[in-house]
Amino acid sequence: MRSPRGLIAISGYLAGRHAPAASESTTGHHSLFFARAFQILAQPEPVRLQKLAAPDSGILELRLERPEVKNAINWDVMRRLRSAIEKIQADATAKVVLVASSVPGAFCAGADLKERRLMSSSEVGEYAGSLRSTFSSFEALPIPTIAVIEGAALGGGLELALSWENAELGLPETGLAIIPGAGGTQRLPRIVGVSRAKELIFTGRRCDAAEAVRMGLANYCVPAGEAYQKALDIAREITQKGPLGIRMAKKAINQGMEVSDMPSALAVEGECYDQLLHTQDRLEALAAFAEKRKPVYTGK
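Since the structure is predicted, the reported quantities are computational estimates derived from the model, not experimental observations.

Novice: Before we move on, can you summarise the pairing of strand E3 (residues 96-101) with the specific residues and values?
Specialist: In terms of burial, E3 is largely enclosed, as six of its six residues are buried. Side-chain alternation along E3 places Val96, Leu98 and Ala100 on one buried face and Val97, Val99 and Ser101 on a second face that is also buried. As judged from the six bridges shared by strand E2 (residues 59-64) and E3, these two strands associate in the parallel manner. The residue bridging isoleucine 59 from the neighbouring strand is valine 96, located in E3. The sheet contact formed by E3 and strand E5 (residues 145-149) spans three bridges and is parallel. From the neighbouring strand, valine 99 faces E5, where its bridge partner is alanine 147.

Novice: A description of the packing of aromatic side chains should follow, citing residues and the corresponding values.
Specialist: Within a pair of aromatic rings, the relevant descriptors are the distance that separates the centres and the angle that separates the planes. One pass over the full model with this rule turns up one aromatic pair. Between the aromatic rings of tryptophan 75 and tyrosine 127, the centroid separation amounts to 5.7 Å while the plane-to-plane angle is 80°, which identifies the pairing as edge-to-face. In this pair, tryptophan 75 sits in helix H3 (residues 75-90) while tyrosine 127 sits in helix H5 (residues 121-139), placing the two residues 52 residues apart along the sequence. Exposure remark for tryptophan 75: the relative accessible area of 22% places this residue in the partly exposed category.

Novice: An account of unusual backbone geometry is needed here, citing residue identities and associated values.
Specialist: Cis geometry marks the peptide bond from alanine 54 to proline 55, where omega comes out at 10°. Secondary-structure assignment places proline 55 in the loop between strand E1 (47-51) and E2. Despite not being glycine, lysine 70 shows a phi value in the positive range, around 55°. The topology assignment puts lysine 70 in the loop between E2 and H3.

Novice: Run through the packing of helix H10 (residues 243-258) against helix H11 (residues 262-274), naming residues and quoting values.
Specialist: Following both chains from N to C, one finds H10 and H11 inclined at 165°, their axes separated by 9 Å at the closest point. Between H10 and H11, the angle falls in the class roughly antiparallel. The crossing of H10 and H11 is right-handed. Taken together, the residues of H11 that come into contact with H10 (itself represented by Met248, Lys251, Ala252, Gln255 and Gly256) are Ala265, Val268, Glu269 and Cys272. The residue inventory of the contact of H10 with H11, partitioned by class, reads five nonpolar, two polar and two charged.

Novice: How would you explain the side chain of glutamate 61 if you had to name every residue and give the values?
Specialist: Inspection of the secondary structure assignment puts glutamate 61 in strand E2. Relative accessible area serves as the criterion here: at 4%, glutamate 61 is assigned to the buried category. Polar side-chain contacts of glutamate 61 include one of 2.9 Å to the side chain of arginine 63. For glutamate 61, the side chain forms a polar contact with the side chain of tyrosine 228, separated by 2.4 Å.

Novice: Please set out the pattern of salt bridges residue by residue, giving values where relevant.
Specialist: Across all of its chains, the model carries 13 salt bridges by this definition. Of the charged contacts in the structure, one is a salt bridge between glutamate 139 and arginine 187, with a shortest N-O distance of 2.5 Å. Here glutamate 139 is found in helix H5, whereas its partner arginine 187 is found in helix H6 (residues 184-192), with 48 residues between them in sequence. Here the residues in one salt-bridge network are Arg196, Glu199, Arg205 and Glu211, joined through shared partners.

Novice: If you had to explain helix H7 (residues 194-203) to someone new, which residues and values would you point to?
Specialist: Turning to H7, its buried residues are Ala197, Leu200 and Ile201. Looking straight down H7, one finds that the buried residues subtend no more than 90° of arc, so they occupy a single side. Every exposed residue of H7 that faces more than 90 degrees away from the buried side is listed here: Ser195, Phe202 and Thr203. Its buried side turned inward, H7 meets H6. Glycine 204 sits one or two residues past H7 and shows a positive phi near 70°.

Novice: Account for the nonpolar core, with residues named and values stated.
Specialist: One finds Leu62, Ile73, Leu188 and Leu217 to be the most contacted residues of the largest nonpolar core, which totals 39 residues. If one sorts the elements of this core by residue count, H3 sits on top with six residues. With residues near it in sequence (within four places) discarded, leucine 62 still touches Val47, Arg48, Leu49, Leu81, Ala84, Val97, Leu98, Val99, Ala100 and Phe138. Counting residues in each nonpolar core, the second largest holds 14 residues, with Val96, Leu98, Val148 and Ala235 among its members.

Novice: So what's going on with the packing of H3 against H5? Which residues, and what values?
Specialist: The interhelical angle for the contact between H3 and H5, taken along N-to-C directions, is 25°, at an axis separation of 10 Å. Considering the angle they form, H3 stands roughly parallel to H5. Considering how the two elements wind past one another, H3 and H5 form a crossing that is left-handed. Of the residues in H5, those touching H3 at Trp75, Met78, Leu81, Arg82, Ile85 and Gln89 are Glu123, Glu126, Tyr127, Ser130, Leu131, Ser133, Thr134, Ser137 and Phe138.

Analysis parameters
Residues numbered from 1 in each chain as written. Predicted model: local features only at pLDDT ≥ 70, side-chain atom pairs only at ≥ 80, totals over all residues. Heavy atoms only, no water. Buried < 20%, exposed > 50% of the residue type's maximum accessible area, 1.4 Å probe, protein only. Helix = DSSP H or I, 4+ residues; strand = E, 2+ residues; numbered from the N terminus. Pairing = 2+ DSSP bridges. Phe/Tyr/Trp six-rings, centres within 6.5 Å; stacked < 30°, edge-to-face > 60°. Axes fitted to C-alpha atoms, helices over the stretch in contact; angles between N-to-C directions. Parallel < 35°, antiparallel > 145°, perpendicular 65-115°, else oblique. Left-handed = near helix turned anticlockwise from the far one by under 90°. Contact = heavy atoms within 4.5 Å. Nonpolar A, V, L, I, M, F, W, Y, C, P; charged D, E, K, R; others polar. Polar contact = N/O pair within 3.5 Å; in protein donor to acceptor, adjacent residues only side chain to side chain. Salt bridge = Lys/Arg side-chain N within 4 Å of Asp/Glu carboxyl O. Arc of directions from axis to C-beta. Core = buried A, V, L, I, M, F, W, Y, C linked by side-chain atoms within 4.5 Å.

Okay, structure coming up:
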């Protein structure tokens, strides 16, 4: 399969070799026009959402594909992320989402600083608010999300991570005289603790994958080249479980962590549990379990 860059190179090569030499030729102008149009059409989408085929039905893959800036997030990428999130929310067959990068050595470089430098102060504030809202929408998806991180992952969006040995995670915003504005100051302390979060944010220090696992920022650290397969293996395990049970488990954990006391948290769990008692998913799971437990007679 040719990469989008390869397609662009081929279109330019064909236009250069086959277009008439005379610059005033009408046919030549048409050839150049179509070549340019083809180049535009061949540009890779910066955000790509796709469903995996059977036997991996139910697994969605969200890929970042903006290699020229290491997947930095600008307004266009943000809008496309929102569109992808809306499609995931509307897909009743979706069971788990893998978030990965098609750019070697980079997961996401954070905000697009080149675009941000052209913004006014009010526009920067609007951008940060929209980014915060986008990440919150992603976090609020009712199904599990798994981030497959290769290389650098800077800024927000590190709540769920499955990292490579060569990954670097960090919130470097204080080096730019700002703070993490897409939820990092609130989500990070809830994951690694207040003291460790302050250290990482105050210093802007990057941590490698092994340290990220030790502090609970990431789930796994695997050898280079094995991260995607590990994420896929976990996703496959999840899809074998009752889909409504998975959704309610995520809801119970997330909402329970937001309340201030254990009785309230247990009430959240009880509410989610009660909603599952008479579902078709549960009846099918019980039937399958009973079938496995049936004694096997050999006739001897």
